[in-house]
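Examining the three-dimensional arrangement
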Amino acid sequence: GVLIIIISFIYIYIIGCDQSLNELFDDLDKRDSSRLSSDDSFIQLLNQMKGYYKLSNDSSPFNKTIVITAVNSGYKDMLHNFKCYCDRLGIKFLVVSLDEGMYSYITNNKLFNTYLLGDLPGRGKVAADPSSEGKNFNLIGCRRIEIVGAALKLGYDVLFSDVDVSLIRDPLQYMYDFNVDYIHTTNVGCGSQWTFNETSEGNTGFYFVRSNNKTIRLWDLTYRLCAKSPLQDDQSLFWKILKSNKDAKLLAQDSCSASSINKYYDSTYMISCALDSCMFSSGDIRDSTGFNHLVDSLHSRNQSSVIIHTNWMADKGSKKQAMARSGLWIARRVPPV
């Protein structure tokens, strides 16, 4: 009798979970997709900014690759610092303005190629608030998903980066050659091994994604979910969909090792891999101890930094101070208008 009860409980629990996931995906399929991929102005800008490198041409192997960042007017100075790094590496990028203040600032100063994103139905406008938490932060995250998803629909591979990322070396060479759908940074400190499990998430502030039916579907589902979820951030929602997507099961690699990826690659799966936590640092520079540990760790491994993401700090002032303290603030002049 006890065994039957236990088996019945397990059966109900498992079926119940399956039903809830099925209901979630059925509900998402009824929601509206973003229409950004049909906007002529957006399409034109993507075509102008494709190619990754400033000196690329139509015969470039990266002709369908584009770098995208999205920023509100609270991060004007960070955007200039990001531009300095891209200029050093000869990388071109598309800036999506998340509010009218950012768009006016860019166009008035004739700084970048930019696109102004309109309101999200039911969620309104992105505010200029630079805080990395709260409903405005969650709205910004959802718009980032929408932007990348639209580019994927139009056939572009995307390297997405937040503007508080310092590009020390060209990151594409560490990501492009892998036969992987989605390559991401992690939320662990240098030297800690990121391991895929039920609770782990990759960082959505810097990643590379290839355009194919699997990724287009994943970004579309995440957008449909986040558009109606003002209290949740894009990273949590994205990884929820990624792990439970019934259309393409996830095969997550704990590292971007060519040997492990080639061994397990199967085009029917969604293949992801995690970048090295030291070479692609996420939050190590939030204090001087972490920065010194990062430098020492890279030196002991005879490696060099590729990117440093000023993560794990909620306000922009702390981020900027950390970058200056670590020698990563290289913008000399920020137009005041």
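Predicted model only: the values in this text are computed from it and were never measured. (Residues numbered from 1 in each chain as written. Predicted model: local features only at pLDDT ≥ 70, side-chain atom pairs only at ≥ 80, totals over all residues. Heavy atoms only, no water.)

With that settled, the discussion passes to the nonpolar core. Of all hydrophobic cores here, the largest spans 52 residues; its most connected members are Ile-68, Leu-94, Val-96, Ile-147, Val-158 and Trp-219. When residues in this core are grouped by element, the largest group, 9 residues, is from helix α5 (residues 134-153). If we ignore the near neighbours within four places in the chain, the residues touching Trp-219 are Ile-145, Val-148, Gly-149, Leu-152, Tyr-182, Tyr-207, Val-209 and Phe-238. In terms of nonpolar packing, the next biggest core, distinct from the first, is built from 47 residues, Met-175, Phe-178, Val-180 and Ala-322 among them. (Core = buried A, V, L, I, M, F, W, Y, C linked by side-chain atoms within 4.5 Å. Buried < 20%, exposed > 50% of the residue type's maximum accessible area, 1.4 Å probe, protein only. Helix = DSSP H or I, 4+ residues; strand = E, 2+ residues; numbered from the N terminus. Contact = heavy atoms within 4.5 Å.)

Where helix α6 (residues 213-226) meets helix α7 (residues 234-244), the axes come as close as 9 Å, and the angle between the chain directions of the two elements is 130°. Relative to α7, α6 is oriented oblique. Once α6 is placed against α7, the crossing between them reads as right-handed. Within the contact between the two elements, α6 uses Leu-218, Trp-219, Leu-221, Thr-222, Leu-225 and Cys-226 and α7 uses Leu-237, Phe-238, Ile-241 and Leu-242. The residue makeup of the contact of α6 with α7, split by class, is 9 nonpolar, 1 polar and no charged. (Axes fitted to C-alpha atoms, helices over the stretch in contact; angles between N-to-C directions. Parallel < 35°, antiparallel > 145°, perpendicular 65-115°, else oblique. Left-handed = near helix turned anticlockwise from the far one by under 90°. Nonpolar A, V, L, I, M, F, W, Y, C, P; charged D, E, K, R; others polar.)

Moving on: the sheet that holds strand β9 (residues 270-274). Sheet architecture is open: 8 strands sit in the order β3-β2-β1-β4-β7-β6-β9-β8, paired in mixed fashion. Two strands lie at the open edges of the sheet, namely β3 (114-116) and β8 (250-253), each paired on one side alone. Here the average twist between neighbouring strands, direction ignored, is 25°. (Pairing = 2+ DSSP bridges.)

Let's shift gears to the pairing of strand β1 (residues 65-71). Here β1 lies mainly inside the structure; 7 of its 7 residues are buried. Covered by surrounding structure in β1 are Thr-65, Val-67, Thr-69 and Val-71 together with Ile-66, Ile-68 and Ala-70, the residues of both alternating faces. The pairing of β1 with strand β2 (residues 94-97) spans 4 bridges and is classified as parallel. Residue pairing for β2: Thr-69 is matched across the bridge by Val-95. Taken together, β1, helix α3 (residues 76-89) and β2 constitute a β-α-β crossover, and its handedness is right-handed. (Right-handed = clockwise from strand over helix to strand, strands pointing away.)

With 14 residues, α6 should cover 20 Å at 1.5 Å per step; its first-to-last C-alpha distance of 20 Å lies within 8% of that length. Buried within α6 we find Lys-214, Thr-215, Leu-218, Trp-219, Asp-220, Leu-221, Thr-222, Tyr-223, Arg-224, Leu-225 and Cys-226. Among the residues of α6, the N-terminal cap falls to Asn-212, whose side-chain oxygen and the backbone nitrogen of Lys-214 are separated by 3.0 Å. (Expected span 1.5 Å × (residues − 1). Polar contact = N/O pair within 3.5 Å; in protein donor to acceptor, adjacent residues only side chain to side chain.)

A few words on the side chain of Ser-73. With respect to the secondary-structure elements, Ser-73 resides in the loop between β1 and α3. Judged by relative accessible area, which is 15%, Ser-73 ranks as buried. In contact with Ser-73, not counting residues within four places along its chain, are Asp-99, Gly-101, Met-102 and Ala-128.

The next thing to look at is the packing of aromatic side chains. Scanning all chains against the criterion turns up 20 aromatic pairs. Ring centres 5.1 Å apart and planes at 85° place the aromatic pair Phe-82 and Phe-93 in the edge-to-face group. Note that Phe-82 is positioned in helix α3 and Phe-93 in the loop between α3 and β2, a separation of 11 residues in sequence. Across this residue pair, the class does not change: Phe-82 and Phe-93 are buried. Above the plane of the ring of Tyr-176 lies Arg-210, whose end atom (NZ or CZ) is 5.0 Å from the centre. (Phe/Tyr/Trp six-rings, centres within 6.5 Å; stacked < 30°, edge-to-face > 60°. Lys NZ or Arg CZ within 6 Å of the ring centre and 35° of its normal.)

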